[in-house]
Amino acid sequence: MTEHPESNLVTVDDAAADFAADVRAGLGHDGQKTLSPKYLYDALGSALFEAITQLPEYGLWRAEGRLLHAHAEDIARSTEAANLIELGSGSANKTAHLVRSLLRRHPVSYATVDLSPSALEMTRRELGALRGVNLRSIEGDYLSGLELAVRSRPAGRPILVLFLGSSLGNFDYTTSRTFLRRIRRVLQPGDSLLLGADLQKPLAQMVAAYDDALGVTAAFNLNLLVRMNRELGADFQLPQFVHRARFNALTHDVEMHIESRCDQRVQIPGARLQIGFAAGETIHTESSHKYSLEELDSLTQNAAFRCTAQWVDADWRFMSALYQAL
């Protein structure tokens, strides 16, 4: 990571090389082709995701907003945190409810960690004008950015880490458990974690949230091909691919795939790769796990967090919970 004090921005070096290496590893083999969902969030992808949050089918975003609006004072009173670190803030307009509640008590240091420069800019626009907020942006992956942000904590000042939007559900169970343990490892006893998680609900409702009638989620997913064309010189022909969303009943995941409509070959010079697709073959781009409350209890307890408060939205079945590091 490289820090730029004049702009209060930290960036990760070699992002282009990492993208090429991950494309080569994820697509250049037999079996299920995969790419990390983090690569969905270039400038256009981030803008499309913000549009997705406004769609009628995507109820989880509004559910979390309702919970944070209703319980921001409870969270502020419980944590008294003056140091906030948010992993994947997006536009941060939900986070603003909590920041304003904390500002009524004391000044707030807020660090946002995101791979997307456009997401960091949206956060700066949302929170930068609030008096009493010391805003820091870290462009990079969540765990490295968290470790960097924690190093500068003032002595004796508790930290509240925010991981919202059910982003934890993008990981499989083993990765989720490891991720929470690594968050806990850099925190001190008495620090807190505010976690958002989408819960299990009727099948049609879950799938529609990732396959909206307007086609915005399809554009968001297929934009990954546009990004490879632009940044890696690939020759994906977009009309020959289609967005698919499906529910995996074994894992309780809604999966997003990009499916090839025909047998074809694609060149990706920037990744030193030539790949073939059979008709119906897919690139798995994202999984969104749908949790039970019992599963979340097990995950967080295993990572040495104790739940101090939990709220569930009645309309959408989304959970926000506050955990204390033991």
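Going by the structure above, here's the rest.
What counts and how
Residues numbered from 1 in each chain as written. Predicted model: local features only at pLDDT ≥ 70, side-chain atom pairs only at ≥ 80, totals over all residues. Heavy atoms only, no water. Pairing = 2+ DSSP bridges. Helix = DSSP H or I, 4+ residues; strand = E, 2+ residues; numbered from the N terminus. Axes fitted to C-alpha atoms, helices over the stretch in contact; angles between N-to-C directions. Parallel < 35°, antiparallel > 145°, perpendicular 65-115°, else oblique. Left-handed = near helix turned anticlockwise from the far one by under 90°. Contact = heavy atoms within 4.5 Å. Nonpolar A, V, L, I, M, F, W, Y, C, P; charged D, E, K, R; others polar. Core = buried A, V, L, I, M, F, W, Y, C linked by side-chain atoms within 4.5 Å. Buried < 20%, exposed > 50% of the residue type's maximum accessible area, 1.4 Å probe, protein only.

## What about the sheet that holds strand 10 (residues 253–260)?
Across the sheet, 4 strands lie side by side as 3-13-10-9; this open sheet has mixed pairing. Of all strands in the sheet, those bounded by a partner on one side alone are strand 3 (33–34) and strand 9 (241–248). Judged from the 8 bridges that link them, strand 9 and strand 10 form a sheet pairing that is antiparallel. Considered in strand 10, the bridge of Arg244 is made with His257.

## Notes on the packing of helix 7 (residues 173–186) against helix 10 (residues 293–302)
The interhelical angle for the contact between helix 7 and helix 10, taken along N-to-C directions, is 45 degrees, at an axis separation of 8 Å. Overall, the two elements helix 7 and helix 10 adopt an arrangement that is oblique. Helix 7 and helix 10 meet at a crossing whose hand is right-handed. In contact with Tyr173, Ser176, Arg177, Leu180 and Arg181 of helix 7, helix 10 contributes Glu295, Ser298, Leu299, Thr300 and Asn302. Taken together, the residues that form the contact of helix 7 with helix 10 break down as 3 nonpolar, 4 polar and 3 charged.

## Some remarks on the packing of helix 2 (residues 43–52) against helix 9 (residues 216–232)
Each pair of packed helices can be described by the angle between their axes along with the distance between the axes. Contact geometry for helix 2 and helix 9: axes closest at 9 Å, N-to-C directions at 160 degrees. What the angle tells us is that helix 2 and helix 9 run roughly antiparallel. Crossing geometry of helix 2 relative to helix 9 is assigned as left-handed. Counted together, Leu44, Gly45, Leu48, Phe49, Ala51 and Ile52 of helix 2 and Val216, Thr217, Ala219, Phe220 and Asn223 of helix 9 form the full contact between these two elements. Residue classes in the contact of helix 2 with helix 9 are distributed as 8 nonpolar, 3 polar and no charged.

## Some remarks on the nonpolar core
Core analysis: the largest hydrophobic core is formed by 65 residues, its most contacted members being Val23, Leu84, Met228 and Ile268. For Met228, the residues in contact, after removing those within four places along its chain, are Phe19, Val23, Leu27, Leu35, Gly233, Ala234, Phe236 and Ile268. Leu146, Ile183, Leu296 and Phe305 belong to the second largest nonpolar core, which has 31 residues in total.

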